[in-house]
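Architecture and fold: a report
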Amino acid sequence: MKIFSLFFAVLLLVLQGTLGFMRAPSNDVQCKQAGGTCSTDHCPLPNMRSFGHCTQGVPCCRTVAIYD
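Under an unreviewed UniProt entry, the name given to the protein chain is Beta-defensin-like domain-containing protein, and the source organism is Buteo japonicus. Quoted verbatim from the Sequence similarities (unreviewed entry) heading of the UniProt record, the comment on the protein chain is "Belongs to the beta-defensin family."

This is the structure:
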């Protein structure tokens, strides 16, 4: 039974990268697939944050929920 829990822990670690834990986008296509937009200079709205880069350092911006 201990081997089953060890197997489950290893399986969880292996699948962690594919179950929604994505990397930051590094090009235009990845930015759009992640629900972002490529901005020209900076993220325009106050509730938009940079979470990756498009080509040549252009930020990939996405709106975030602000809870007060």
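A word on the overall build of the protein chain. A count of helices and strands for the protein chain gives 2 helices and 3 strands. Mapped in sequence order, the helices and strands of the protein chain form the string α-α-β-β-β. By element, 64% of the accessible surface of the protein chain is carried by carbon and sulfur atoms, the whole surface being about 5,700 Å².

This next bit is on helix 1 (residues 2-15). If you check helix 1, its first and last C-alpha atoms are 20 Å apart, about what 14 residues at 1.5 Å a residue would give, namely 20 Å. Burial runs low along helix 1: only 0 of the 14 residues are buried.

Looking now at the state of the cysteines. Within the structure shown, the criterion is met by 3 disulfides. Each disulfide pairs two cysteine sulfurs, and for cysteine 31 the partner residue is cysteine 60, the sulfurs being separated by 1.8 Å. The sign of the S-S torsion, about 90°, decides the handedness of the disulfide formed by cysteine 31 and cysteine 60: right-handed. Of this pair, cysteine 31 sits in helix 2 (residues 28-33) while cysteine 60 is found in strand 3 (residues 59-63), placing the two residues 29 residues apart along the sequence. Using a relative accessible area of 0% as the deciding quantity, one classes cysteine 31 as buried. The residue that forms a disulfide with cysteine 43 is cysteine 61, at a sulfur-sulfur distance of 2.0 Å. Looking along the S-S bond of the cysteine 43-cysteine 61 disulfide, the torsion reads about -85°, which is the left-handed sense. Here cysteine 43 is found in the loop between strand 1 (37-38) and strand 2 (48-53), whereas its partner cysteine 61 is found in strand 3, with 18 residues between them in sequence. Residue cysteine 43 shares its accessibility class with cysteine 61, and that shared class is buried. With its bonded cysteines labelled in order along the sequence, the protein chain shows the pairing 1-5, 2-4, 3-6.

The subject of this paragraph is the pairing of strand 3. Bridging between strand 1 and strand 3 involves 2 bridges; their strand directions are antiparallel. Bridge assignment links threonine 37 to a residue of strand 3, and that residue is cysteine 61. Pairing of strand 2 with strand 3, which is carried by 5 bridges, proceeds in the antiparallel orientation. Paired with arginine 49 across the bridge in strand 3 is arginine 62. Hairpin geometry of strand 2 and strand 3 is characterised by an intervening segment of 5 residues between the two adjacent antiparallel strands and by a positive phi of about 50° at glutamine 56.

Thresholds applied
Residues numbered from 1 in each chain as written. Predicted model: local features only at pLDDT ≥ 70, side-chain atom pairs only at ≥ 80, totals over all residues. Heavy atoms only, no water. UniProt positions renumbered as here; feature names shortened; annotations may be inferred. Helix = DSSP H or I, 4+ residues; strand = E, 2+ residues; numbered from the N terminus. Areas by Shrake-Rupley, 256 points an atom, 1.4 Å probe, with all protein chains shown as cover. Expected span 1.5 Å × (residues − 1). Buried < 20%, exposed > 50% of the residue type's maximum accessible area, 1.4 Å probe, protein only. Disulfide = S-S within 2.5 Å. Pairing = 2+ DSSP bridges.

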